[in-house]
Amino acid sequence: MDLYDINALVTRKTEQKFFKLLKNAHVLAPEDLGVQDVLVAGDRIARIAPAIDGGAFEAQVIDVDGSYVSPGFIDAHVHMLGGGGGAGYGSRAPELQASEAFLCGTTTIIGCLGIDYISRTPIHLVCKCRSLQERGLNVYIVFGGFGMPPRTITGDIRDDMFLIPELLGVGEPAISDPRSSQAPVDYLQQLVSEVHVGGRLTGKHGIVQFHLGDAPSGTAPLHKILEVAPMKNVRPLHFNRNEQLMEEAPAWIEKGGYVDFTAALCPPQHKRGFSNAQAVQMMRDKGVDLSKITFSTDGNGVSTLFGIEQIERFPLKLLHQSVVETARLDGMSVSQAVSFATSNTAESLGLKGKGRIAVGMDADLVVLDKETLDIKDVISRGLLVVENGERVNRGRLDG
């Protein structure tokens with residue numbers, strides 16, 4: 001058995017069946033497909049049809065009774081080693097456990113470092129990535145942190161991308177923020193170009209996730225980077241942190257870029273920020289292309305801007321909460337709200353097999369109560385990990 005063959009691991013350790021059949025599912029693919037049956041074979045979606053006979057496959061049948069079934073949520077910005085440290089040693093968050101992600105419908109994360117890229121290293125990040133993968137979570141990573149140059153394992157980010165399948169690029173060099181290393185724009189252009197080449201060599205998008213701060217320069221450095229770098233490689237975060245960035249967001253979308261809203265950066269603590277739902281409404285009012293909007297959480301990060309006395313850890317459940325709040329906006333469909341945490345994110349990051357419910361796609365699925373949108377069941381990599389809102393098959397090291 002291959003170490004990362006989750007289906008062999010499931011069959012041997014949990015006795016779950018290879019085939020799973022979701023009956024009477026109102027499928028949000030995220031496009032609304034109406035009520036369908038969804039057949040899962042191992043870690044892939046094998047068939048979608050109005051009526052599928054599970055007996056022919058000896059399938060584990062899960063009758064969801066008309067509940068919504070959406071793709072598993074993708075959180076593009078998670079401090080899985082624990083964020084924080086910016087207010088001293090006591091401000092460090094613990095490492096992420098897979099159960100926290102599963103219980104809020106998140107089946108894929110992009111793990112990053114942050115302000116502390118000294119004690120938290122790329123090797124540590126890779127090890128944590130593989131640990132969470134063995135527990136059934138889909139994990140990708142980005143190397144780097146607030147400062148520059150990004151820490152790597154081989155000494156060259158292109159070599160690292162070539163050798164580490166899960167490595168998508170670099171994250172999150174800070175711009176327009178006093179906490180950054182204030183790298184000149186020509187260096188950032190070079191960095192994006194190197195990641196672009198790394199992506200071409202490996203069949204990945206090759207992304208640099210930029211942390212946007214509160215300094216008046218806003219997105220201006222990003223537009224300078226685009227003078228020589230392709231748009232698809234530049235992924236700014238935190239547009240909803242203040243009014244200026246929200247005013248500049250439509251211009252970024254107009255150029256073909258994606259705008260990411262971070263669920264943690266909203267009032268009452270972040271007084272200048274906007275909730276993800278508010279941010280979406282503001283973009284709707286401006287008539288922008290909503291397929292260019294993504295949600296993330298800054299999950300397991302820590303807010304230390306206001307000192308140790310007001311420290312706060314950001315839970316991953318903020319992603320699901322943002323989807324629910326957005327779905328409640330006037331004129332907003334649940335299908336559209338789901339896309340901000342699924343298909344849009346997968347497309348922006350070049351994640352093949354993720355973000356959609358279709359034959360041949362990865363079996364990452366979330367069952368949502370049709371009235372409340374509460375999480376009922378979760379399947380990640382073909383493994384049933386949440387049933388009736390409760391974690392199942394929890395390992396001893398995933399408390």
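Only a predicted model underlies this, so the values are computations on that prediction, with no experimental measurement involved. (Residues numbered from 1 in each chain as written. Predicted model: local features only at pLDDT ≥ 70, side-chain atom pairs only at ≥ 80, totals over all residues. Heavy atoms only, no water.)

Asker: Describe the overall build of the protein chain, with residues and values.
Answerer: Within the protein chain, the secondary structure is distributed over 11 helices and 19 strands. For the protein chain, whose C-alpha radius of gyration is 20 Å, the value lies close to the compact-globule estimate of 21 Å for 399 residues. Seen through its principal axes, the protein chain has C-alpha atoms that stretch 60 × 50 × 45 Å. When burial is assessed residue by residue, the protein chain has 59% of its 399 residues classed as buried. (Helix = DSSP H or I, 4+ residues; strand = E, 2+ residues; numbered from the N terminus. Rg over C-alpha atoms; globule rule 2.2 N^0.38 Å. Buried < 20%, exposed > 50% of the residue type's maximum accessible area, 1.4 Å probe, protein only.)

Asker: Quick one: what's the story with the packing of aromatic side chains, residue by residue and with numbers?
Answerer: For the structure on display, the rule yields three aromatic pairs. Aromatic side chains Phe18 and Phe19 sit 5.2 Å apart centroid to centroid with 85° between the ring planes, which places their arrangement in the edge-to-face category. Taking the relative accessible area as the measure of exposure, Phe19 reaches 23% and is therefore partly exposed. Taken together, the ring pairs connect Phe18, Phe19 and Phe57 into an aromatic cluster. The ring of Tyr68 carries the charged tip of Lys370 above its face, separated from the ring centre by 5.3 Å. (Phe/Tyr/Trp six-rings, centres within 6.5 Å; stacked < 30°, edge-to-face > 60°. Lys NZ or Arg CZ within 6 Å of the ring centre and 35° of its normal.)

Asker: Hey, could you go over the confidence of the model for the protein chain for me, with residue numbers and the actual values?
Answerer: Scored by pLDDT, the protein chain has a mean of 91; 93% of the residues are at 70 or more. Low pLDDT, under 50, characterises residues 8-13; the predicted model gives this stretch nine contacts beyond four residues in sequence or across chains. (pLDDT = per-residue confidence, 0-100. Contact = heavy atoms within 4.5 Å.)

Asker: Describe the nonpolar core, with residues and values.
Answerer: In this structure, Met80, Ile109, Ile141, Phe210, Phe261 and Ile293 are the most contacted members of the largest nonpolar core, which totals 79 residues. For this core, the element with the highest residue contribution is helix 7 (residues 243-254), accounting for five residues. Setting aside anything within four residues of it in sequence, one finds Ile293 in contact with Ile253, Val259, Phe261, Val280, Met283, Val288, Phe340 and Asn344. If you look at the next biggest cluster of nonpolar residues, it comprises 18 residues, including Val27, Val38, Met361 and Leu365. (Core = buried A, V, L, I, M, F, W, Y, C linked by side-chain atoms within 4.5 Å.)

Asker: Describe the pairing of strand 7 (residues 106-111), and please don't skip the residues or the numbers.
Answerer: The element strand 7 is largely enclosed, with a buried count of six among its six residues. Across four bridges, the pairing between strand 6 (residues 73-78) and strand 7 is parallel. Each residue of the ladder has a partner; that of Asp75, found in strand 7, is Ile109. Both strand 7 and strand 8 (residues 138-143) contribute to a ladder of four bridges, which runs parallel. Considered in strand 8, the bridge of Thr108 is made with Asn138. (Pairing = 2+ DSSP bridges.)

Asker: Hey, could you go over the packing of helix 7 against helix 8 (residues 276-285) for me, with residue numbers and the actual values?
Answerer: Taken N-terminus to C-terminus, the directions of helix 7 and helix 8 make an angle of 45°; their axes are 10 Å apart at the nearest point. Overall, the two elements helix 7 and helix 8 adopt an arrangement that is oblique. The hand of the helix 7/helix 8 crossing is right-handed. Between helix 7 and helix 8, the residues in contact are Glu243, Met246, Ala249 and Pro250 and Ala279, Met282 and Met283, respectively. Of the residues that constitute the contact of helix 7 with helix 8, the class distribution is six nonpolar, no polar and one charged. (Axes fitted to C-alpha atoms, helices over the stretch in contact; angles between N-to-C directions. Parallel < 35°, antiparallel > 145°, perpendicular 65-115°, else oblique. Left-handed = near helix turned anticlockwise from the far one by under 90°. Nonpolar A, V, L, I, M, F, W, Y, C, P; charged D, E, K, R; others polar.)

Asker: Help me get a handle on the sheet that holds strand 7, residues and values and all.
Answerer: Read across the sheet, six strands follow the order 6-7-8-9-10-11 without closing on themselves; strand pairing throughout is parallel. The two strands at the open ends of the sheet, each matched to only one other strand, are strand 6 and strand 11 (234-237). The sheet shows a mean angle of 30° between the axes of neighbouring strands, taken without regard to direction. Strands strand 7 and strand 8 of the sheet are contacted by helix 3 (residues 122-134), whose axis makes an angle of about 170° with strand 8.

Asker: Got a sec to walk through helix 3? Specific residues and values, please.
Answerer: Compared with an ideal rise of 1.5 Å per residue, which puts 13 residues at 18 Å, helix 3 spans 19 Å between its outermost C-alpha atoms and is within 8% of the ideal. All of the buried residues in helix 3 are Pro122, Leu125, Val126, Lys128, Cys129, Leu132 and Gln133. One side of helix 3 carries all its buried residues, which in axial view fall inside an arc of 165°. Downstream of helix 3 by one or two residues, Gly136 has phi in the positive range, about 95°. (Expected span 1.5 Å × (residues − 1). Arc of directions from axis to C-beta.)

Asker: Describe the pattern of salt bridges, with residues and values.
Answerer: Counted according to the given criterion, the structure contains 15 salt bridges. Between Arg356 and Glu31 there is a salt bridge, and its shortest N-O distance comes to 2.7 Å. One end of the pair, Arg356, is in the loop between helix 11 (343-349) and strand 16 (365-368); the other, Glu31, is in the loop between strand 1 (19-28) and strand 2 (32-41), and 325 residues separate them in sequence. You can call Arg356 partly exposed: its relative accessible area is 36%. Taking relative accessible area as the criterion, Glu31 reaches 40% and is therefore assigned partly exposed. Where Arg120 meets Asp116, a salt bridge forms, and the shortest distance between an N and an O atom there is 3.4 Å. Of the two residues examined, Arg120 and Asp116, each falls in the buried class. (Salt bridge = Lys/Arg side-chain N within 4 Å of Asp/Glu carboxyl O.)

Asker: Could you give me a rundown of helix 7, with the residues and numbers involved?
Answerer: Where helix 7 is concerned, the buried positions are Leu245, Met246, Ala249, Pro250, Trp252 and Ile253. Down the axis of helix 7, the sector holding all buried residues measures 160°, keeping them to one side. Looking at the buried positions of helix 7, the neighbouring elements they touch are strand 10 (207-212), helix 6 (220-225), strand 11, strand 12 (259-262), helix 8 and strand 13 (293-296). Where helix 7 starts, the residue carrying a side-chain oxygen 3.1 Å from the main-chain nitrogen of Gln244 turns out to be Asn242. Phi turns positive one or two residues past the end of helix 7, at Gly256, with a value near 105°. (Polar contact = N/O pair within 3.5 Å; in protein donor to acceptor, adjacent residues only side chain to side chain.)

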